[in-house]
There are 2 protein chains.
Amino acid sequence: MASTIKDVAKLTGLSIGTISKVINGGAVLEINRILIEKAIKELDFKVNETARSLKTNRSKTIGIILPSLENYFCTSVVAYVEQYLSKHGYGTIICNYREDPEVEKEKLNFLVNKMVDGVVIIPSGKVKDEIINILNRDVPVVLIDRLIKGINCDAVLVDNFNASYNAVEQLITRGHKRTAIICGPKDVYTSDERLKGYLAVHENYNLEVDNNLIKFGDYYLKSGYDLCLQLIEMENPPTSIFVTNYDMTLGVITALNEKNIKLSEEISVIGFDNIGMSKIVKPSLSIVIQPMEQIGEAVAHLILKRIKGDKTNYPNVTRLKAELVMKDSVSNVNY
Amino acid sequence: MASTIKDVAKLTGLSIGTISKVINGGAVLEINRILIEKAIKELDFKVNETARSLKTNRSKTIGIILPSLENYFCTSVVAYVEQYLSKHGYGTIICNYREDPEVEKEKLNFLVNKMVDGVVIIPSGKVKDEIINILNRDVPVVLIDRLIKGINCDAVLVDNFNASYNAVEQLITRGHKRTAIICGPKDVYTSDERLKGYLAVHENYNLEVDNNLIKFGDYYLKSGYDLCLQLIEMENPPTSIFVTNYDMTLGVITALNEKNIKLSEEISVIGFDNIGMSKIVKPSLSIVIQPMEQIGEAVAHLILKRIKGDKTNYPNVTRLKAELVMKDSVSNVNY
DNA sequence: TTGTAAGCGTTATCAT
DNA sequence: ATGATAACGCTTACAA
């Protein structure tokens, strides 16, 4: 059905060696090159990448593994990584492990089988051996958003500790003495970092931490909604809330709206991740913005560098800064 | 580095033919099978899928192409398709074409090169030749959510016309004479279907259509927000709004909250797609729910059937019904 | 510059 | 039941 180099050779009367050369950019008589290119077009010949991969051990494709297709941060970063790699001639295979470490392992093996030249992963943190296995095969891996104990590996992280510290500091310096934090799951690296920032700034300002104001969600909308309701229904509710991802921020805003609690006037909120949101909510929402595009670029840059064989500065752990955009959803408290 | 059949053969003293047989389930002496399996474990031998693909012309993987990683419907359906295929032993390669038909073409070719056994796509509608090309190579294709003129091909669709008809009918029968619709882009198949349902029900109820109440967004949150503001600021605003996707529904709710316009009491709204939302918004949001999971299952089922060579009932266009969940965001109008 | 042939790791055919 | 071998389509020495 699909034509092969052999067909092109037959049609042109040249050998497959010569055909291969024009495909891969070797030196060929101009007259033959033209002849061959014409034949290629005529036959609609496409290189069989599988055969090529088998021979060269390279596939010009990179695997990207993410935990969920329903998380704004993840899909956004992955989209940027893909876009950047695509620009550089690399195809991408995106795999979703649905927050399931077992599936994560499967996908890792799947990508190895597909002979990807590199792996980019937003890991669960619970899978280690399979990643080491890939590294041992000399396939570069770049971790996004979290390190994994026992693995020495390139990574691109956001300085979540300081992002959180700075956000909460803004609330504290405006007089908020009771700031709640809605974290992600306890066992997630970034979630923990953000909590640590919250705790550290309290300590540095000599403010007592009320454990009732520390809530753990699951990064989905509903948990933001539920936890926000819990907070505002406390007998001694917080005067401000720091929410640590986009979907939960959406839930918090929804809960406040429903209860007719006015942003800024009655409660101050700093949200996370989605700049678009900031503009839509009124009063405009203060927000921590992770540099998705920068992350994507850094990741793509790093993996391409490794694929080229450049091992300088290994392992490279890039830490990017989040930006804090203060808007009108935060007010001063006067006692 | 990684071991091959040859290594297993050497270690066991048997031939590669025999090894291959136990891998693929042929008849082998029990004693040898045990020997071989032990060796396979010992060497951590894994079949080289690339070599296998080259030989068999099958890859046990299916390509999934979607227009955006930031659209709830798309990612949700794709996640289900993937989950179902995975259960049946098929790997998946997910490709994002970022709403760009040129990228869509690239991805289609990429997947052909990767020798996928089938292609599942949520198409832009603007790419035709590349899909036909794939079909001509005898690689089955299943379209999701839209048909493409000039292509005879399996597809799984939602009956958007009736979904829309039924939703708007609910508003009309409750006395709403001015119902706005926030559509997706004009050139999107499903968007058009939903508009047609809206128009048809108006005609059947002998209600005049005010073209000012028909708005076209882009399926992103902000356009729902912006268009909702436009609507409520009209001199003769609608008494109800039908929003035709999830992200725009989010935008509409945000706009209404911001303007302190009470759902149901002051304006009725029927939204789209995300059942989770319905519960979070108060009063609870009436909503059209597309059967994402059913779609995913139908798609996976269909493509697997075609891959097996079963061409019965081709092309199979499955039309699934959306469900209308009426909640408290819709009120009766008494004139 | 061009052609020939080996080899990538499988599967599958055909003797044995 | 097992083993030897050709073939899948390509790249890459090496020979011509």
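Given the structure is predicted, the values throughout are model-derived calculations rather than measurements.

A word on the overall build of chain A. Check the secondary structure of chain A and you find 13 helices and 12 strands. Taking all 335 residues of chain A together, the buried fraction comes to 48%. Intrachain contacts of chain A at a sequence separation of at least 6 include 68% that bridge at least 24 residues.

Glancing now at the pairing of strand 4 (residues 141–144) of chain B. Residue and element names in this part refer to chain B. Here strand 4 shows a buried face lined by Val141 and Leu143 and a second buried face lined by Val142 and Ile144. Bridge count between strand 3 (residues 118–121) and strand 4: three bridges; the pairing is parallel. Directly across from Val119, in strand 4, lies its bridge partner Val141. Crossover strand 3 to strand 4 through helix 7 (residues 129–136) is right-handed. Strand direction decides the pairing type here: strand 4 and strand 5 (residues 154–158), joined by three bridges, are parallel. Residue Ile144 lies in a different strand from strand 5, and its bridge partner there is Val156.

All names here are of chain B. By the criterion of burial, strand 6 (residues 179–183) is predominantly enclosed, with five of the five residues buried. A two-sided burial pattern is seen for strand 6, the buried positions comprising Thr179, Ile181 and Cys183 on one face and Ala180 and Ile182 on the other. Relative to strand 8 (residues 240–243), strand 6 runs parallel, the two being bridged by four bridges. Across the sheet, residue Ile182 finds its bridge partner in strand 8, namely Val243. Judged from the three bridges that link them, strand 6 and strand 7 (residues 214–216) form a sheet pairing that is parallel. Along strand 7, the bridge assignment pairs Cys183 with Phe216. Of the crossover connections in this fold, the one passing from strand 6 over helix 9 (residues 189–204) to the parallel strand 7 is right-handed.

This paragraph deals with the interface of chain A and chain B. Counting residues at the interface gives 38 residues for chain A and 39 residues for chain B. When residues of the side of chain A that touches chain B are traced back to their parent elements, those giving at least two are helix 4 (49–56), helix 5 (72–87), strand 2 (91–96), helix 6 (101–113), helix 10 (221–232), helix 11 (246–258) and helix 12 (275–280) of chain A. Examining the composition of the side of chain A that touches chain B, we find that six residues originate from one element, helix 5 of chain A, more than from any other. A per-class count over the side of chain A that touches chain B returns 16 nonpolar, 12 polar and 10 charged.

Now for the protein's contact with DNA strand D. Around DNA strand D, the structure places 27 residues, and the nearest of them are Thr4(A), Ile5(A), Ser15(B), Gly17(B) and Leu29(B). Counting residues per element, the ones that place at least two in the surface near DNA strand D are helix 1 (5–12), helix 2 (16–23) and helix 4 of chain A together with helix 2 (16–24) and helix 4 (49–56) of chain B. For the surface near DNA strand D, the residue count by class is 12 nonpolar, 10 polar and five charged.

Attention shifts here to the relation of the copies chain A and chain B. When chain A is brought onto chain B, the operation consists of a screw motion whose angular component is 180° and whose axial shift is 0.1 Å, with 0.2 Å RMSD remaining. Given the turn and translation reported, the copies of this chain are related as if by a two-fold rotation axis. Interface residue correspondence from chain A to chain B reaches 100%, placing this contact among same-surface, isologous pairings.

Buried within helix 4 of chain A are the following residues: Glu49(A), Thr50(A) and Ser53(A). The buried residues of helix 4 of chain A occupy one face: seen down the axis, they fall within an arc of 100°. On its buried side, helix 4 of chain A packs onto helix 4 and helix 6 (101–113) of chain B. Note on helix 4 of chain A: the residue one or two positions beyond its end, Asn57(A), has a positive phi of about 65°.

This part takes up the protein's contact with DNA strand C. Lining the immediate surroundings of DNA strand C are 25 residues, of which Gly17(A), Leu29(A), Ile5(B), Asn48(B) and Ala51(B) lie closest. Elements that contribute at least two residues to the surface near DNA strand C include exactly helix 2 and helix 4 of chain A together with helix 2 and helix 4 of chain B. Residues belonging to the surface near DNA strand C are distributed by class as follows: 12 nonpolar, 10 polar and three charged.

Attention now moves to the sheet that holds strand 12 (residues 323–325) of chain B. Residue and element names in this part refer to chain B. A sheet is described by the order of its strands in space; here six strands give the open sequence 7-6-8-9-10-12, paired in mixed fashion. Unpaired on one side and paired on the other, strand 7 and strand 12 mark the two borders of the sheet. Going from strand to strand, the sheet's axes swing by 15° on average, the running direction of each strand aside. Here three bridges tie strand 9 (residues 268–272) to strand 10 (residues 286–289), and the two strands are oriented parallel to one another. When the bridges of strand 10 are listed, Phe272 appears paired with Val288. Those strands touched by helix 8 (residues 160–173) are strand 6, strand 8, strand 9, strand 10 and strand 12, and its axis lies near 170° from that of strand 8.

A few words now on the nonpolar core. By size, the foremost hydrophobic cluster in this structure holds 185 residues, and its most contacted members are Val252(A), Val299(A), Val252(B) and Val299(B). Not counting the four nearest positions on each side in its chain, Val252(B) is found in contact with Ile182(B), Gly224(B), Tyr225(B), Cys228(B), Ile241(B), Val243(B) and Val269(B).

A separate point is the domain arrangement of chain A. Reports often express the size of an interface as the amount of accessible area lost when the parts come together. The domain architecture assigned to chain A consists of domain 1 (5–47), domain 2 (59–156 + 292–320) and domain 3 (160–290). Distance between the C-alpha centres of domain 1 of chain A and domain 2 of chain A: 36 Å.

Bringing the packing of helix 1 (residues 5–12) of chain B against helix 2 of chain B into the picture now. How two helices pack is summed up by the angle between their axes together with the distance between the axes. Residues and elements named next belong to chain B. At a minimum axis separation of 9 Å, helix 1 and helix 2 run at an interaxial angle of 110°. Classified by the interaxial angle, the pair formed by helix 1 and helix 2 is roughly perpendicular. Handedness of the helix 1/helix 2 crossing: right-handed. Facing Ile5, Lys6, Val8 and Ala9 of helix 1, the residues of helix 2 in contact are Ile16, Ile19 and Ser20. Counted by class, the contact of helix 1 with helix 2 contains five nonpolar, one polar and one charged residues.

Moving on, we get to the packing of helix 6 of chain A against helix 7 (residues 129–136) of chain A. All names here are of chain A. Where helix 6 contacts helix 7, the two axes come as close as 9 Å, and the packing angle between them is 15°. Taken together, helix 6 and helix 7 sit at an angle that is classed as roughly parallel. The two elements helix 6 and helix 7 cross, and the hand of that crossing is left-handed. Packed against helix 6, whose contacting residues are Lys105, Leu108, Asn109 and Val112, the element helix 7 presents Glu130, Ile131 and Ile134 at the interface.

Let us look at the environment of Cys183(A). Residue and element names in this part refer to chain A. The topology assignment puts Cys183 in strand 6 (residues 179–183). Note: C-alpha distance between Cys183 and Ile307 (124 residues apart in sequence) is 36 Å. Every residue in contact with Cys183, bar those within four places of it in the chain, is listed here: Ser191, Arg194, Leu195, Ile214, Lys215, Phe216, Gly217 and Thr244.

Attention now moves to unusual backbone geometry. Residues and elements named next belong to chain A. In this structure, the amide linkage connecting Tyr314 to the following residue, Pro315, adopts the cis form with an omega of -10°. Residue placement: Pro315 occurs in the loop between helix 13 (292–307) and strand 11 (317–320). Phi at Ser264 is positive, roughly 75°, even though this residue is not glycine. Exposure remark for Ser264: the 19 C-beta atoms within 10 Å place this residue in the partly exposed category.

Residue and element names in this part refer to chain A. Judged by pairing direction, the sheet is mixed, and its six strands sit side by side in the order 7-6-8-9-10-12 without closing on themselves. Every interior strand has two partners, whereas the edge strands, strand 7 (214–216) and strand 12 (323–325), have only one. Here the average twist between neighbouring strands, direction ignored, is 15°. Contacting strand 6, strand 7 and strand 8 (240–243), helix 9 (residues 189–204) crosses the sheet at an angle of about 170° to strand 6.

About the criteria used
Residues numbered from 1 in each chain as written. Chains lettered and ligands numbered in written order. Predicted model: local features only at pLDDT ≥ 70, side-chain atom pairs only at ≥ 80, totals over all residues. Helix = DSSP H or I, 4+ residues; strand = E, 2+ residues; numbered from the N terminus. Buried ≥ 20, exposed ≤ 12 C-beta atoms within 10 Å, placed from the backbone. Contact = placed C-beta atoms within 7 Å. Pairing = 2+ DSSP bridges. Right-handed = clockwise from strand over helix to strand, strands pointing away. Nonpolar A, V, L, I, M, F, W, Y, C, P; charged D, E, K, R; others polar. Near = placed C-beta within 6 Å. Least-squares fit on C-alpha atoms with pLDDT ≥ 70 in both. Arc of directions from axis to C-beta. Axes fitted to C-alpha atoms, helices over the stretch in contact; angles between N-to-C directions. Core = buried A, V, L, I, M, F, W, Y, C linked by C-beta atoms within 7 Å. Domains from an automatic or database assignment. Parallel < 35°, antiparallel > 145°, perpendicular 65-115°, else oblique. Left-handed = near helix turned anticlockwise from the far one by under 90°.

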